[in-house]
Amino acid sequence: MRKIKIIALILALALCLQIGVCAVGTDAASGDLIKATQIQPRGRYLLSGTSILTPYTGYIKVSGSTEAYDDVDELTIELRVFRVSTSGTWTEIWSDSISATDDYEVTYPTTRINVTSKNYYAIESTHTVTHNGVTETCYSETDPVYVY
């Protein structure tokens, strides 16, 4: 009986720690990849979160979402865009957030951000769900993307 409990605990922890990252699509303007990060199930209420950064010449487009298993009291996504120097220093250049109440998903609409060409940019996101006094939060980030 004790072995079954230990195995169940290990499987539950493995599920909670699973993080998936994918890059999809190609941008015709720069030939660089669109970077997308999606977090997998992270708790009792928080189902997933997605962040997307698409590079163009002289600007980027960002968007994202946070999703719950069912309607919850509040969902939030906070997006932060960073310029990444060649030395590896990340400097925040833009941030914004959006929330929804009594819903299962909140989506940050695609937003254009003018940036300096010939630099790398990345996005970090905070995905938060609150329901019945319980708050669950996860973080995601994309790899840096070069803007021509």
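Being a predicted model, the structure only gives us computed values, none of them experimental.

Asks: Any chance you could break down the pattern of salt bridges for me, citing the residues and the numbers?
Replies: All chains considered together, the criterion is met by 2 salt bridges. Taking the shortest distance from any N to any O, the salt bridge between E78 and R80 comes out at 3.5 Å. We classify E78 as partly exposed; its relative accessible area is 31%. Owing to a relative accessible area of 12%, R80 belongs among the buried residues under this scheme. The salt bridge partner of R80 is E124, with a shortest N-O separation of 3.7 Å. Note that R80 is positioned in strand 4 (residues 59-84) and E124 in strand 6 (residues 119-131), a separation of 44 residues in sequence. Three or more residues joined by partner-sharing salt bridges are found here, namely E78, R80 and E124.

Asks: Please provide a residue-by-residue account of the environment of E105, values included.
Replies: Position of E105 relative to the elements: it lies in strand 5 (residues 90-114). Residues E105 and T66, spaced 39 residues apart in sequence, show a C-alpha to C-alpha distance of 5.7 Å. Dropping the residues within four chain positions of it, E105 is found in contact with S65, T66, E67, L75 and A100.

Asks: Go over a negative patch on the surface with me, naming the residues and quoting the values.
Replies: A surface patch of negative charge is lined by D70, D71, D73, E74 and D102. If one sorts the elements of the negative patch by residue count, strand 4 sits on top with 4 residues. On the basis of relative accessible area, D102 is assigned to the exposed category, the value being 58%.

Asks: How would you sum up unusual backbone geometry? Please name residues and give values.
Replies: Phi is positive for D102, which is not a glycine, with a value near 50°. Along the chain, the position of D102 falls in strand 5. Its identity as a non-glycine residue notwithstanding, K118 has a phi of 65°, on the positive side. Residue classification places K118 among the exposed residues on the basis of a relative accessible area of 67%.

Asks: I'd love a proper account of the packing of aromatic side chains, names of residues and values included.
Replies: Going through the model one piece at a time under the given rule, you end up with 5 aromatic pairs. Arranged with centres 4.9 Å apart and planes meeting at 80°, the rings of Y146 and Y148 form a pair that is edge-to-face. Its relative accessible area of 22% is what places Y146 among the partly exposed residues. Members of the aromatic cluster, each reached through a chain of ring pairs, are Y120, Y146 and Y148.

Here is what the cut-offs are and how they apply
- Residues numbered from 1 in each chain as written.
- Predicted model: local features only at pLDDT ≥ 70, side-chain atom pairs only at ≥ 80, totals over all residues.
- Heavy atoms only, no water.
- Salt bridge = Lys/Arg side-chain N within 4 Å of Asp/Glu carboxyl O.
- Buried < 20%, exposed > 50% of the residue type's maximum accessible area, 1.4 Å probe, protein only.
- Helix = DSSP H or I, 4+ residues; strand = E, 2+ residues; numbered from the N terminus.
- Contact = heavy atoms within 4.5 Å.
- Patch = residues over 30% accessible without salt bridge, like charges linked within 9 Å, V, L, I, M, F, W, Y side chains within 5 Å.
- Areas by Shrake-Rupley, 256 points an atom, 1.4 Å probe, with all protein chains shown as cover.
- Lys, Arg positive; Asp, Glu negative; His and termini not counted.
- Charge placed at Lys NZ, Arg CZ, Asp CG, Glu CD.
- Phe/Tyr/Trp six-rings, centres within 6.5 Å; stacked < 30°, edge-to-face > 60°.

Such coordinate-based values are descriptive only and should not be taken to indicate function.
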